[in-house]
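# Coordinate analysis (summary)
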Amino acid sequence: MDPDGSEQDPETKKYSSVCVGREEDIKKSERMTAVVHDREVVIFYHRGEYHAMDIRCYHSGGPLHLGEIEEFDGRPCIVCPWHKYKITLATGEGLYQSINPKDPSAKPKWCSKGIKQRIHTVTVDNGNIYVTLSNEPFKCDSDFYATGVFKVIQSSS
Ligand code: FES
């Protein structure tokens, strides 16, 4: 049963935006969770910008809303509380450090694994925060934990 079509493939679904709360509240708490069209998301307010992404980490489904935000290579990231994977708030890229094995004295460099966590769009209208789910036509690793048996819907109250 899928009355609103929310379990459709993101490639074909057009999502309407959903009001998830008030700007004044997220500015105080700096994060909130919400269920948008049956998908759990976390919304961060960091340095004057809003970022929304799937709430479960692409690696093993860790709870990103319980992670800390830190900067790596000048890029704000949520650090997953389970295994410390770093995910950029702006793009959902997984970051890792790499070292040249032929030059072990070289400083490790931050590299991107590509987009791993699905990012959603946040808009603000008249003090209300709206989230529009991404329907970008690619398979994102975090989709696995946002759908099917791994999906765990929390109370948003
Ligand atoms: Fe997030 Fe493993 S579940 S780092």
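Residues numbered from 1 in each chain as written. Predicted model: local features only at pLDDT ≥ 70, side-chain atom pairs only at ≥ 80, totals over all residues. Heavy atoms only, no water.

For the rest of this paragraph, the subject is unusual backbone geometry. You will see that Arg-47, though not glycine, has its phi angle at about 50°, which is positive. In this structure, Asp-73 takes a positive phi of about 55° despite not being glycine. Considering the arrangement of structural elements, one finds Asp-73 in the loop between strand S5 (68–72) and strand S6 (75–79). (Helix = DSSP H or I, 4+ residues; strand = E, 2+ residues; numbered from the N terminus.)

According to UniProt, the feature "domain: Rieske" (unreviewed entry) maps to residues 17–131 in the numbering used here. In the segment residues 17–131, helix accounts for 6% and strand for 54%; the C-alpha atoms at its two ends are 5 Å apart. (UniProt positions renumbered as here; feature names shortened; annotations may be inferred.)

Right, let's talk about the sheet that holds strand S7 (residues 86–88) for a bit. Read across the sheet, 5 strands follow the order S5-S6-S7-S8-S9 without closing on themselves; strand pairing throughout is antiparallel. With partners counted over all chains shown, the strands left at the sheet margins are S5 and strand S9 (109–115), one partner each. Within the sheet, the average angular offset between the axes of one strand and its neighbour, ignoring direction, is 40°. The pairing of S5 with S6 spans 5 bridges and is antiparallel. Residue pairing across strands places Glu-70 opposite Cys-77, the latter belonging to S6. (Pairing = 2+ DSSP bridges. Axes fitted to C-alpha atoms, helices over the stretch in contact; angles between N-to-C directions.)

With that settled, the discussion passes to the packing of aromatic side chains. Applying the stated criterion to the full structure yields 4 aromatic pairs. Pairing Phe-72 with Trp-110 gives two aromatic rings, centres 5.0 Å apart and planes at 55°, and the pair type is tilted. Linking Phe-72 in strand S5 with Trp-110 in strand S9, this pair joins segments that are 38 residues apart in sequence. Owing to a relative accessible area of 25%, Trp-110 belongs among the partly exposed residues under this scheme. Aromatic pair Phe-144 and Tyr-145: ring centres 5.0 Å apart, planes at 90°, arrangement edge-to-face. The exposure class of Tyr-145 is buried, given its relative accessible area of 12%. (Phe/Tyr/Trp six-rings, centres within 6.5 Å; stacked < 30°, edge-to-face > 60°. Buried < 20%, exposed > 50% of the residue type's maximum accessible area, 1.4 Å probe, protein only.)

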